[in-house]
Amino acid sequence: MIAAIDIPVVKVERSRLADTPRENMPFGKYFTDHMLEADYVDGEWKNVTIRPYQPLMMSPSMAALHYGQAIFEGIKAYRDTSGNAYVFRPYDNFARFNRSAERMNMPAVPEEIFMEGMRKLIAMDKDWIPALKDHSLYIRPVMFATDTMLGVRPSETYKFLILLSPTGPYYAAPMKIVVEETYTRAAPGGVGFSKNAGNYGGSMLAATKARQEGYDQVLWTDAFEHKWLQEVGMMNVFFVIGNVAITPSLEEGTILAGVTRDSVITILREMGLKVEERRISIDELLEAYGKGTLQEAFGTGTAAVIAMIKELKYKDFHMNFDPGKFKVAAEVKQRLADIREAKVPDVHGWMWKI
Ligand SMILES: *Cc1c(COP(=O)(O)O)cnc(C)c1O
């Protein structure tokens, strides 16, 4: 049991729900009536409140804007046909949030604020959770440095927020991917395993250049040789070679430990597939492709869940796939949907009831 905390609530005078589209909302465009807010001051978390979603006041010298101490999470909630609300594996996101905080020299957020604050906030804005198939409520916890001075040192004050955003189906079209050989997302000893804002900022130029070449995203490779595969865009990556599923291992600290990645590994093993978490190089992919044993390639993440890869370009080589024939990815996707839609028993305890 989590210690109960008293979270004061300031309610909106008038809900915006009726003015918001109820289906096919684009990702992250609409926000619910309320947000959770807390401030870290004098070494402790204070002012935990739920209040109307609204602009914040900030100083132009706010530390997060200048030095980038900012981390976030991405979680989804669903509503079943009886109106019950469930969040998918939020404790894993809570744990990861505090691992990101530690790496970015930021204070941990206590469980009673993160988890109970999220529960209370979602319960309040429950009517905003779309009940339609493949729709969800996207949950965005975020923390950033709020000291107002330009000296370079860890901030002494921080703000923590939880925002809620109703979202329609994320149509994950099969992706055309180019293997990245110039830019680097993450290096050992760096911050690649943390979900900090700068990782996203640093990735955008590579993605834009890929798009200019007619590709959707890049397949990140290691910083030293540009040959060991890391992630696809901001998703974890899986390959099926000769009926074995392979995904890059986490020990170097260059891979974000996706909750979807972990769920997919669990389900693949339940399907009877062998799963290997290890180093995998572009040379191994090319060789398998040449032999005809590279069967599937796909990315995993909370927003899209599973995104198939239909083309991989490396130098002048083009590897083409037919995602319509991806049996493994399709079955994992279906099994995850069945768990979310409560069509099968939740044997893993992944669905957290509000
Ligand atoms: C968030 C994220 C993922 C996916 O993690 P999930 O927990 O599955 O949503 C993968 N890679 C990067 C770089 C990320 O930031």
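Structure first, text after, so check above.
Note that this is a predicted model, so its numbers are computed, not measured.

What the protein chain contains, in helices and strands, is 7 helices and 17 strands. Scaling as 2.2 N^0.38, a compact globule of 354 residues should have a C-alpha radius of gyration of about 20 Å, and the protein chain matches this with 21 Å. Seen through its principal axes, the protein chain has C-alpha atoms that stretch 65 × 55 × 40 Å. Expressed as a percentage of the 354 residues in the protein chain, the buried residues total 51%. Restricting the contact set of the protein chain to residue pairs at least 6 apart, pairs at least 24 apart contribute 72%.

The next thing to look at is the environment of Trp-128. As for its position among the elements, Trp-128 is in the loop between helix 3 (111-124) and strand 6 (136-145). In this structure, the C-alpha to C-alpha distance between Trp-128 and Arg-16, residues 112 residues apart in sequence, is 9.8 Å. The contacts of Trp-128, once residues within four sequence positions are left out, are Ser-15, Arg-16, Leu-17, Thr-20, Arg-22, Phe-31, Thr-32, Asp-33, Leu-137 and Pro-166.

Another point: the nonpolar core. One broad trend across soluble globular proteins is that nonpolar side chains are buried collectively. Leu-219, Phe-239, Leu-268, Leu-285, Leu-312 and Val-332 are the most contacted members of the largest nonpolar core, which totals 51 residues. By residue number, the principal contributor to this core is strand 15 (residues 305-314), which donates 7 residues. Taken domain by domain, this core gets at least three of its residues from each of domain 1 (17-169) and domain 2 (175-340). When near neighbours in sequence (up to four residues on either side) are disregarded, Leu-268 contacts Phe-238, Ala-245, Leu-273, Val-275, Val-328 and Val-332. With 44 residues, the next largest nonpolar core counts Ala-101, Ile-139, Phe-144 and Trp-352 among its residues.

Every one of the 14 residues lining the ligand counts as a neighbour, but Lys-195, Tyr-200, Glu-231, Thr-260 and Thr-302 are closest to it. Within the side chain of Arg-96, a nitrogen or oxygen atom sits 2.8 Å from an oxygen atom of the ligand. Between the ligand and the protein, one listed contact pairs an oxygen atom with a side-chain N or O atom of Tyr-200 at 2.5 Å. When atoms are counted within 2 Å of each cavity's grid points, the one that captures over half of the ligand is the largest pocket. Here the residues of the shell around the ligand sort into 5 nonpolar, 5 polar and 4 charged.

Here we come to the pattern of salt bridges. Tallied over the full model, the rule gives 25 salt bridges. The residue Lys-291 makes a salt bridge to Glu-287 at a minimum N-O spacing of 3.6 Å. Highlighted residues: Lys-291 and Glu-287, both in helix 6 (residues 282-291), separated by 4 residues, approximately one helical turn. Overall, the relative accessible area of 61% leaves Lys-291 in the exposed class. When salt bridges that share partners are traced, they join Glu-37, Asp-39, Arg-51 and Lys-159 into one network.

Tallying each qualifying case throughout the model produces 15 aromatic pairs. Note on Phe-238 and Phe-298: the rings are 5.5 Å apart at their centroids and 5° apart in plane angle, and the pair reads as stacked. Note that Phe-238 is positioned in strand 11 (residues 235-241) and Phe-298 in strand 14 (residues 294-301), a separation of 60 residues in sequence. With respect to class, Phe-238 is no different from Phe-298; both count as buried. A ring pair is formed by Phe-321 and Phe-326, whose centres lie 6.4 Å apart and whose planes are at 70°; its orientation type is edge-to-face.

Attention shifts here to empty space enclosed by the protein. Over the atoms, a rolling probe the size of a water molecule traces out where space has been left empty. Taken as a whole and assessed by the stated rule, the structure comprises 3 cavities of 30 Å³ or more. Counted as a void, the largest cavity has a volume near 150 Å³. Taken together, 13 residues make up the lining of the largest cavity; nearest its centre are Tyr-78, Phe-88, Thr-260, Thr-302 and Val-305. Those elements giving two or more residues to the lining of the largest cavity turn out to be strand 4 (75-79), helix 5 (259-270) and helix 7 (327-340).

Since the α-helix turns once every 3.6 residues, residues separated by three or four places project in the same direction. Helix length check: helix 5, at 12 residues, gives a terminal C-alpha distance of 17 Å against a target of 16 Å (1.5 Å per residue), a fit within 8%. Buried within helix 5 are the following residues: Val-259, Thr-260, Arg-261, Ser-263, Val-264, Ile-265, Ile-267 and Leu-268. At the exit of helix 5 stands Gly-272, carrying a positive phi of roughly 90°.

So, about the side chain of Asp-338. As for its position among the elements, Asp-338 is in helix 7. Here Asp-338 is buried and forms no salt bridge, its nearest opposite-charge partner Lys-343 lying at an N-O distance of 4.4 Å. If we ignore the near neighbours within four places in the chain, the residues touching Asp-338 are Lys-343 and Val-344.

Here the largest pocket is characterised by a volume of approximately 920 Å³. Lining the largest pocket are 39 residues, and of these Tyr-170, Tyr-200, Met-234, Met-235 and Ala-303 lie nearest its centre. Secondary structure elements with two or more residues in the lining of the largest pocket: helix 2 (90-103), strand 6, helix 4 (197-212), strand 10 (229-232), strand 11, helix 5 and strand 14. When the residues that make up the lining of the largest pocket are grouped by side-chain class, the tally is 19 nonpolar, 14 polar and 6 charged. Viewed by domain, the lining of the largest pocket spans two of them, domain 1 (17-169) and domain 2 (175-340), each represented by three or more residues. Estimates place the volume of the second largest pocket at around 600 Å³. Every residue lining the second largest pocket is counted, 26 residues in all, and those nearest its centre are Lys-133, Asp-134, His-135, Arg-340 and Glu-341.

About the cut-offs
- Residues numbered from 1 in each chain as written.
- Predicted model: local features only at pLDDT ≥ 70, side-chain atom pairs only at ≥ 80, totals over all residues.
- Heavy atoms only, no water.
- Helix = DSSP H or I, 4+ residues; strand = E, 2+ residues; numbered from the N terminus.
- Rg over C-alpha atoms; globule rule 2.2 N^0.38 Å.
- Buried < 20%, exposed > 50% of the residue type's maximum accessible area, 1.4 Å probe, protein only.
- Contact = heavy atoms within 4.5 Å.
- Core = buried A, V, L, I, M, F, W, Y, C linked by side-chain atoms within 4.5 Å.
- Domains from an automatic or database assignment.
- Near = heavy atom within 4 Å.
- Polar contact = N/O pair within 3.5 Å; in protein donor to acceptor, adjacent residues only side chain to side chain.
- 1 Å grid on protein atoms, 1.4 Å probe; cavity = no way out; pocket = protein on both sides within 12 Å on 5 of 7 lines; lining within 4 Å.
- Sits in = over half its atoms within 2 Å of the grid points.
- Nonpolar A, V, L, I, M, F, W, Y, C, P; charged D, E, K, R; others polar.
- Salt bridge = Lys/Arg side-chain N within 4 Å of Asp/Glu carboxyl O.
- Phe/Tyr/Trp six-rings, centres within 6.5 Å; stacked < 30°, edge-to-face > 60°.
- Points joined across faces, edges and corners; volume = space filled by probe spheres on them.
- Expected span 1.5 Å × (residues − 1).
- Lys, Arg positive; Asp, Glu negative; His and termini not counted.

Read these as layout, nothing more, since geometry by itself doesn't imply function.
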